[in-house]
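A look at the structure
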Protein chains: 2
Amino acid sequence: MSDSILLSHGSGGVESQNLITELFYPLLEGCVMGGGEDAGIGSLSQNTEKFALSTDGYVVSPLFFNGGDIGKLCVCGSCNDVAMMGAKARYLSASFMIEEGFLIADLKRIVESFANTLKQSGAKLLSADTKVLPKGTLDKLFITTTALGEFLYPHLNLSAFGIPQDCAILVSGNIGTHGAVIYSNREGIGLQSDLQSDCSLLYPVLEPLFEAKLQLYALRDATRGGIASVLNEWANASKIGIEIEEEHLPILSQVRGICELLGFEAYNLANEGMCMLCVAKEDATKALEILHSQGAPNAAIIGYTTSENATKVVLKTPFNARRYLDYPSGELLPRIC
Amino acid sequence: MSDSILLSHGSGGVESQNLITELFYPLLEGCVMGGGEDAGIGSLSQNTEKFALSTDGYVVSPLFFNGGDIGKLCVCGSCNDVAMMGAKARYLSASFMIEEGFLIADLKRIVESFANTLKQSGAKLLSADTKVLPKGTLDKLFITTTALGEFLYPHLNLSAFGIPQDCAILVSGNIGTHGAVIYSNREGIGLQSDLQSDCSLLYPVLEPLFEAKLQLYALRDATRGGIASVLNEWANASKIGIEIEEEHLPILSQVRGICELLGFEAYNLANEGMCMLCVAKEDATKALEILHSQGAPNAAIIGYTTSENATKVVLKTPFNARRYLDYPSGELLPRIC
């Protein structure tokens, strides 16, 4: 590892993984529960009822972007993280770090958006904190949120670590949209587009699948590092191969355009209202039907898990060429979420 | 309210209260549970067992100070916040925001200190997140922690809102020490001292009081805004008067020295391992004995709640003069915790 923190340590790609596995995990040995999932699962001692808990820091720039702002983003992000374990967010806590001189009017807009999204989620704010820092010591506003989620469907047992071969891999919507929006909205970049971030709550989209008792193995929202990171995490965690059909990846034409212009790949870009699903092959069509009818019209089956190429993700191009799809490396786009 | 955020909005004093009551509360109406306590109390729907949840952002500068560092501070701070509701921290989650270029060696020291304090608390880390930001967009390192605490003593019903008259007010230790240390350790100030921050876990000090089933009404760790803020919050929340004997306030001579030099009052300075207790008058001596024998040798009875001067805090000087002790106002010392 380098002597100092690099931007790529925060990319959600291979260097982020290294920071966690080489620095955090060894030092925290003996005091961590779980790990490698979107949320941890705990319970109180006198009680067998489990809950999911997830914390994320939000540092997106710009604070306001097409389709959302940091207030909406942080509520969606934390609620989605517990949803990926099959839990419905019941409580949220939040810490606001604010730069001296930040406009009260902007703070109001953000807290309003935070409150609206919270109401939509059905969760309640149980604890909050505000810190103000001298001008120049943080850029405008950061929010950290923690969601505590309840398991309303006890049959679910979602994990990145137990995915078998011959499952279908689905995405719940178009890929790379949030990343493309942040790029085109960022100061000084100057791309104009009416493209909206996909930033949204995923539990309402997923609940009909839970209700239908389909065989789901894993869910993951493809934020930093995009679907490429999630696929590699799953392949590694479950020691399986994954084969993806490039032509089945749903990508908006505007996102394709931005990617071509800037040399990005949509599968490396962040999403904030799209998740990946690992579903038993026999349930895949049913899952897709439910998603299509319940607010996820662009959901698609994009590939399958295999016994070949364990721990690797293979991308099959429209010309039937195959290549490994690796973890993104380096830092494409800091402060995406 | 001003047009933009002022440093004093983060002081823990009157302007902080205004930001919360005039901006956050109205916008969040209908989606907040509790409020006005150190931690929120929730439960899952199919379960009557309650838990305490508290989130705080830590932005202390310098990151390393006499008696601790940000890693120790954030674990103590969040565990203490749930302890103030009578709950023992069982789970912690953490979000690390790191500036590009931050030294890996410093990060290791901080994570090590975080892990050691976590082990001491008995809580487990259930969820964590790291973000890396481009150089210049945050000052070195911020950590936000959330503690989830379990109630092991169901007879406790601690709240700032139900304090009756004729209770004793105690402090568990010397006041103002953390604030004085941060000031003397801060770059460019140049005060030399071997004074150590009081930064520590409070649950072990309080548990014998819970065990002894004393009549406790409220607990509060006196962080930002010092004991002056806590006393005013209690007086306001419970519509009572509080009378404090200035000569009974335990203050280290070095802290007195720093206060005299800089024109501070110890009762406005932050503490990170000292809490205030509101105890039935008849249990006060017993509470003090337990504190003295259980790791809080400097605990003291500093005053009483009264029916006179409702919502006001009165400070009685050694010369029997009386004056109102207000919320601190303005910003003495940003980035204290």
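Note that the structure is a prediction, hence the values are computed from the model and not measured.

What follows covers the overall build of chain A. The secondary structure content of chain A amounts to eight helices and 14 strands. Scaling as 2.2 N^0.38, a compact globule of 337 residues should have a C-alpha radius of gyration of about 20 Å, and chain A matches this with 19 Å. Burial status across chain A gives 63% buried among its 337 residues. Within chain A, contacts between residues separated by at least 24 positions form 83% of all contacts whose residues are at least 6 apart in sequence. As displayed, chain A has an accessible area near 12200 Å², and 47% of this comes from carbon and sulfur atoms. For chain A, the distance from the average site of its 24 positive side-chain charges to the average site of its 38 negative ones is 4 Å.

In this section: the packing of helix H1 (residues 14-27) of chain A against helix H3 (residues 104-121) of chain B. The description of two helices packed together rests on the angle between their axes and the distance between the axes. Interaxial distance between H1(A) and H3(B) falls to 8 Å at its minimum, and their mutual angle equals 40°. Between H1(A) and H3(B), the interaxial angle falls into the category oblique. Contact residues: A:Leu19, A:Leu23, A:Phe24 and A:Leu27 in H1(A); B:Ile104, B:Leu107, B:Lys108, B:Val111, B:Glu112 and B:Ala115 in H3(B). Partitioning the contact of H1(A) with H3(B) into residue classes produces eight nonpolar, no polar and two charged.

What follows is about the interface of chain B and chain A. Residue-level contacts link 86 residues of chain B with 86 residues of chain A. Here chain B meets chain A over a buried area of about 7400 Å², counting both sides, of which 68% is carbon and sulfur. It is B:Ile5, B:Leu44 and B:Leu126 in chain B that bury the most area against chain A; as a group they hold 9% of the surface buried on that side. Taken together, the connections running from chain B to chain A amount to four salt bridges. We note a salt bridge from A:Arg224 to B:Asp129, for which the minimum N-O separation is 3.0 Å. Across the contact surface, chain B and chain A share 32 residue pairs in polar contact (both at pLDDT 80 or more). The set of elements that each furnish at least two residues to the side of chain B that touches chain A consists of helix H1 (14-27), strand E1 (40-43), strand E2 (50-58), strand E5 (87-99), H3, strand E6 (124-133) and strand E7 (141-151) of chain B.

The next thing to look at is the relation of the copies chain B and chain A. Laying chain B over chain A is done by rotating through 180° and shifting 0.0 Å along the axis; what remains is an RMSD of 0.0 Å. Given the turn and translation reported, the copies of this chain are related as if by a two-fold rotation axis. Closest approach to the rotation axis among the C-alpha atoms of chain B is made by B:Leu138, whose C-alpha sits 2.0 Å away. Both copies contact each other with a shared surface, as 100% of the interface residues of chain B are interface residues in chain A too.

The next subject is the packing of helix H4 (residues 177-185) of chain B against helix H7 (residues 253-262) of chain B. Residue and element names in this part refer to chain B. Two numbers describe how H4 lies on H7: the axes approach to 10 Å, and their chain directions differ by 60°. With respect to H7, the axis of H4 lies oblique. The handedness of the crossing between H4 and H7 is left-handed. The segment H4 lies against H7, with Thr177, Ala180, Tyr183 and Ser184 engaging Val255, Ile258 and Leu262. Grouping the constituent residues of the contact of H4 with H7 by class yields five nonpolar, two polar and no charged.

Residue and element names in this part refer to chain A. With the rule as written, the count across this model stands at 24 salt bridges over all chains. Ionic pairing is found between Arg220 and Asp38, a salt bridge with its closest N-O pair at 3.6 Å. Of this pair, Arg220 sits in strand E9 (residues 216-221) while Asp38 sits in the loop between H1 and strand E1 (40-43); the two residues are 182 residues apart in sequence, bridging distant segments of the chain. Asp38 carries the same exposure label as Arg220, and that label is buried. When the shortest N-O distance is used, the salt bridge between Glu245 and Lys316 registers 3.2 Å. Of this pair, Glu245 sits in strand E10 (residues 241-245) while Lys316 sits in strand E13 (residues 313-316), and the two are 71 residues apart along the sequence. Relative accessible area serves as the criterion here: at 22%, Glu245 is assigned to the partly exposed category. Shared partners join several salt bridges into a network, and the residues in it are Glu37, Asp38, Arg220 and Glu233.

What follows is about the sheet that holds strand E10 (residues 241-245) of chain B. Residue and element names in this part refer to chain B. Taken in spatial order, the seven strands of this open sheet run E9-E11-E8-E12-E10-E13-E14, and their pairing is mixed. Edge positions in the sheet fall to strand E9 (216-221) and strand E14 (322-324), since each has one partner strand and no second. Neighbour-to-neighbour, the strand axes of the sheet open up by a mean angle of 25°, direction not taken into account. By the bridge criterion, four bridges tie E10 to strand E13 (residues 313-316) in an arrangement that is parallel. Pairing of Ile242 across the sheet is with Val313, part of E13.

Time to look at the domain arrangement of chain A. Residue and element names in this part refer to chain A. According to the domain assignment, chain A contains domain 1 (33-151) and domain 2 (167-324). The straight-line distance from the C-alpha centre of domain 1 to that of domain 2 is 23 Å. Between domain 1 and domain 2, the residue contacts involve 25 residues of the former and 23 residues of the latter. On the domain 1 side of the contact with domain 2, Asn66, Asn80 and Met84 bury the most area, a combined 32% of that side's loss. Taken together, the connections running from domain 1 to domain 2 amount to two salt bridges. Between Glu37 and Arg220 there is a salt bridge, with the nearest N and O atoms lying 3.8 Å from each other. At the junction of domain 1 and domain 2, the tally comes to eight residue pairs in polar contact (both at pLDDT 80 or more). Those elements that provide at least two residues to the side of domain 1 that touches domain 2 are helix H2 (70-83), strand E5 (87-99) and helix H3 (104-121). It is H2 that provides the largest number of residues to the side of domain 1 that touches domain 2, a total of nine residues.

Residue and element names in this part refer to chain B. The end-to-end C-alpha distance of helix H6 (residues 226-238) is 19 Å, a good match for the 18 Å that 13 residues give at a rise of 1.5 Å each. Most of H6 sits out of view: 11 of its 13 residues are buried. Of all the positions in H6, only Gly226, Ile227, Ala228, Ser229, Val230, Leu231, Asn232, Trp234, Ala235, Ala237 and Ser238 are classed as buried. On its buried face, H6 is in contact with strand E8 (167-171), E9, E10, strand E11 (275-280), strand E12 (300-306) and E13. Following H6 by one or two positions, Lys239 adopts a phi angle in the positive range, close to 50°.

The next subject is unusual backbone geometry. A:Pro62 follows A:Ser61 through a cis peptide bond whose omega is 0°. Considering the arrangement of structural elements, one finds A:Pro62 in the loop between strand E2 (50-58) and strand E3 (64-65). With a phi close to 70°, A:Thr311 is a non-glycine residue in the positive phi region. The partly exposed category is assigned to A:Thr311, whose relative accessible area is 25%. The phi angle at B:Lys239 is positive, at roughly 50°, despite the residue not being glycine. Note on placement: B:Lys239 falls in the loop between H6 and E10.

Criteria and cut-off values
- Residues numbered from 1 in each chain as written.
- Chains lettered and ligands numbered in written order.
- Predicted model: local features only at pLDDT ≥ 70, side-chain atom pairs only at ≥ 80, totals over all residues.
- Heavy atoms only, no water.
- Helix = DSSP H or I, 4+ residues; strand = E, 2+ residues; numbered from the N terminus.
- Rg over C-alpha atoms; globule rule 2.2 N^0.38 Å.
- Buried < 20%, exposed > 50% of the residue type's maximum accessible area, 1.4 Å probe, protein only.
- Contact = heavy atoms within 4.5 Å.
- Areas by Shrake-Rupley, 256 points an atom, 1.4 Å probe, with all protein chains shown as cover.
- Lys, Arg positive; Asp, Glu negative; His and termini not counted.
- Charge placed at Lys NZ, Arg CZ, Asp CG, Glu CD.
- Axes fitted to C-alpha atoms, helices over the stretch in contact; angles between N-to-C directions.
- Parallel < 35°, antiparallel > 145°, perpendicular 65-115°, else oblique.
- Nonpolar A, V, L, I, M, F, W, Y, C, P; charged D, E, K, R; others polar.
- Buried area = accessible area lost by both parts, 1.4 Å probe.
- Salt bridge = Lys/Arg side-chain N within 4 Å of Asp/Glu carboxyl O.
- Polar contact = N/O pair within 3.5 Å; in protein donor to acceptor, adjacent residues only side chain to side chain.
- Least-squares fit on C-alpha atoms with pLDDT ≥ 70 in both.
- Left-handed = near helix turned anticlockwise from the far one by under 90°.
- Pairing = 2+ DSSP bridges.
- Domains from an automatic or database assignment.
- Expected span 1.5 Å × (residues − 1).

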